[in-house]
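Residue-level listing of the chains:
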Amino acid sequence: MKSVIDTTNSPSHTEDRPLVVLTSELRKVYSNGLFLNQKVVSLKSCSLVVYKGETFGLLGPNGAGKTTLLKLLLGILRPTSGRGLLLGKPLGDRSCKQRIGYLPENPYFYDCLTGWEFLQLAAGLFQIPQSVQNRRIPQLLELVGISQADARKKQMRRYSKGMLQRIGMAQALINDPEVVFLDEPMSGLDPVGRYQIREIILSLKAAGKTIFFNSHVLSEVELICDRIAILAQGKLICCGSLNELLGTPHSYHVQGQGGDCQILQKWLPNIEFKPDGLWQGELQGDVYDFFASLHLMGGQILAMKLFRPSLEEFFIQQLQQHKI
Ligand SMILES: Nc1ncnc2c1ncn2[C@@H]1O[C@H](COP(=O)(O)OP(=O)(O)O)[C@@H](O)[C@H]1O
Ligand SMILES: [Mg+2]
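Reading guide: rules and limits
- Residues numbered from 1 in each chain as written.
- Chains lettered and ligands numbered in written order.
- Predicted model: local features only at pLDDT ≥ 70, side-chain atom pairs only at ≥ 80, totals over all residues.
- Heavy atoms only, no water.
- Axes fitted to C-alpha atoms, helices over the stretch in contact; angles between N-to-C directions.
- Helix = DSSP H or I, 4+ residues; strand = E, 2+ residues; numbered from the N terminus.
- Parallel < 35°, antiparallel > 145°, perpendicular 65-115°, else oblique.
- Left-handed = near helix turned anticlockwise from the far one by under 90°.
- Contact = heavy atoms within 4.5 Å.
- Patch = residues over 30% accessible without salt bridge, like charges linked within 9 Å, V, L, I, M, F, W, Y side chains within 5 Å.
- Areas by Shrake-Rupley, 256 points an atom, 1.4 Å probe, with all protein chains shown as cover.
- Salt bridge = Lys/Arg side-chain N within 4 Å of Asp/Glu carboxyl O.
- Core = buried A, V, L, I, M, F, W, Y, C linked by side-chain atoms within 4.5 Å.
- Buried < 20%, exposed > 50% of the residue type's maximum accessible area, 1.4 Å probe, protein only.
- Near = heavy atom within 4 Å.
- Polar contact = N/O pair within 3.5 Å; in protein donor to acceptor, adjacent residues only side chain to side chain.
- Pairing = 2+ DSSP bridges.
- Arc of directions from axis to C-beta.
- Donors = N, O, S within 2.8 Å, 3.2 Å for Na, K, Ca; no water.
- Domains from an automatic or database assignment.

Visitor: Just to check I follow, could you spell out the packing of helix 3 (residues 130-144) against helix 5 (residues 161-172) for this structure?
Guide: When two helices pack together, their arrangement is given by the angle between the helix axes and the distance between those axes. Between helix 3 and helix 5, whose axes approach to 9 Å, the crossing angle comes to 135°. Classified by the angle between their axes, helix 3 and helix 5 sit oblique to one another. Helix 5 is crossed by helix 3, and the crossing has right-handed handedness. From helix 3, L140, L141 and V144 reach across to helix 5, where they touch R166, I167, M169 and A170.

What follows is the structure in structure tokens.
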């Protein structure tokens, strides 16, 4: 199968890294309307790879096709055309289900159940023996930061949005999956809630799990993902590691005070001058020569950091380039 699947959209594809997801020209058209005559092309020939142990972020505006792609990978939807592999099996193969976990977007919980009962229900669906459940449920509660008292005594109708998302996360991990699919795990959460989900994802990553998640919380994606892809209007417009897409940090952003304006302008062509002799800009040239020159001018450096565009800037630029 490998030879017929095109993975050229992935700049960092190397043959020796084990693949978890491989898709080729995956396409999904929904048929709506009274006679199913209205067609919505939700995904257009999507080819991508996800490697074992990596955290992969799928980004895109609302309606881009992220959930559709995730459901195709999980076998919840069937592609209109194209094909793919998940853990080496064709998409939809039932034998994979034991090895994957899934947190849907806006999950629906039986809110009359306690968190504990909900996890027992999920464990039952995987036919996990009672003795394993008794060990695993408290471990998962600890991982997602829900106390045993809240899990055992509180019905989920009394959980906050953050707690619901975290119990949903525990549910996605109940079968100790190798691959975890998370659809917008941070959406609608406050900064503390986002931080908690990020910490859970990072501990899964440290445990060697492969994580595939959809998101438009770009600042979080930038902190946790090894590779990302951007989907827009059903089309995959780029895919790669942050260094491949944003470039390795190569120049310095410098803030300082004092010195000769004309000489400074040569070193920092986009320099911005501020009151009290303060200035800031992006350094062009050798950093040690600049230090020496600044010293001679009697100026000083107040702050300095490596510069590259943020993921947000890159994302907006990509959408503009593709006229989206
Ligand atoms: N069941 C469906 N029937 C018809 N159109 C759908 C269905 N599900 C999604 N779509 C359409 O497919 C496109 C992509 O949707 P979706 O995959 O949910 O995007 P995202 O998750 O990126 O917000 C949207 O235009 C959406 O309206
Ligand atoms: Mg979605």
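Visitor: So what exactly am I meant to see when it comes to a nonpolar patch on the surface here?
Guide: Taken together, the side chains of Y108, Y110 and L121 define a hydrophobic patch exposed on the protein surface, amounting to about 370 Å² of accessible area. Mapped onto the elements, L121 comes out in helix 2 (residues 115-125).

Visitor: I keep staring at the environment of V221 and nothing clicks. Help me out?
Guide: The residue V221 is located in helix 7 (residues 218-224) in this model. On a C-alpha basis, the gap between V221 and L311 in space is 8.4 Å, while along the polypeptide they are 90 residues apart. Filtering out sequence-adjacent residues up to four positions away, V221 remains in contact with L59, F213, S215, I228 and L311.

Visitor: I keep staring at the nonpolar core and nothing clicks. Help me out?
Guide: Across soluble globular proteins, nonpolar side chains have a tendency to be buried as a group. The biggest cluster of nonpolar side chains holds 53 residues, and the ones touching the most others in it are I167, I228 and L311. If sequence neighbours within four positions are ignored, I228 has contacts with F56, G57, L59, V221, C238, C239, G240, L242, L245 and L311. Grouped together as the second largest cluster of nonpolar side chains are 29 residues, L26, C46, L77 and C96 included.

Visitor: Help me understand the site of ligand 1 in this model?
Guide: Around ligand 1, the neighbouring residues are Y30, N32, V40, S42, P61, N62, G63, A64, G65, K66, T67 and T68. The contact in question runs from an oxygen atom of ligand 1 to an N or O atom on the side chain of T68, over 2.6 Å. Contact with the protein chains covers 63% of the free accessible surface of ligand 1, which is 560 Å². It is helix 1 (residues 66-74) that contributes the most residues to the shell around ligand 1, three residues altogether.

Visitor: In this structure, what is going on with the sheet that holds strand 2 (residues 38-51)? I would like to understand it.
Guide: Strands pair in a sheet through their backbones, by hydrogen bonds, and they do so in one of two ways: parallel or antiparallel. Read across the sheet, four strands follow the order 2-1-4-5 without closing on themselves; strand pairing throughout is antiparallel. With partners counted over all chains shown, the strands left at the sheet margins are strand 2 and strand 5 (89-90), one partner each. Here strand 1 (residues 19-32) runs beside strand 4 (residues 81-86); their pairing, made up of five bridges, is antiparallel. Counterpart to S24 in the pairing with strand 4 is R83.

Visitor: When you look at helix 2 in this model, what are you seeing that I'm missing?
Guide: Owing to its 3.6 residues per turn, the α-helix aligns residues three or four sequence positions apart on the same side. Buried within helix 2 we find G115, W116, F118, L119, A122 and A123. For helix 2, the arc enclosing every buried residue in end-on projection is 160°, short of the 170-degree limit, so these residues lie on one face. Along its buried surface, helix 2 packs onto helix 3, helix 4 (148-153) and helix 5. Directly beyond the C-terminal end of helix 2, a positive phi value near 55° is found at Q127.

Visitor: Would you take a moment to explain the sheet that holds strand 11 (residues 251-257) for this structure?
Guide: Here we have four strands laid out as an open sheet, ordered 12-13-11-14, and antiparallel in their pairing. Across the chains shown, the open sheet's two edge strands, defined by having one partner strand only, are strand 12 (272-273) and strand 14 (300-307). Bridge count for strand 11 against strand 13 (residues 278-282) is five bridges, and the pairing is antiparallel. If you follow Q255 over to strand 13, its bridge partner there is Q280. Contacts from helix 10 (residues 287-297) reach strand 11, strand 13 and strand 14, with the element oriented near 165° to strand 14.

Visitor: Would you mind showing me how to read the coordination of the magnesium ion (ligand 2) here?
Guide: For the magnesium ion (ligand 2), the full set of protein donor atoms is T67 (OG1) and E105 (OE), at a range of 2.0 to 2.6 Å. Residue T67 is located in helix 1, and its partner E105 is located in the loop between strand 6 (100-103) and helix 2; the two are separated by 38 residues in the primary sequence.

Visitor: Help me understand the domain arrangement of the protein chain in this model?
Guide: A common way to express how large an interface is: the accessible area buried when the components associate. Under the domain assignment, the protein chain is made up of domain 1 (55-71 + 94-242) and domain 2 (251-307). Placing a centre on the C-alpha atoms of domain 1 and another on those of domain 2 gives a separation of 45 Å.

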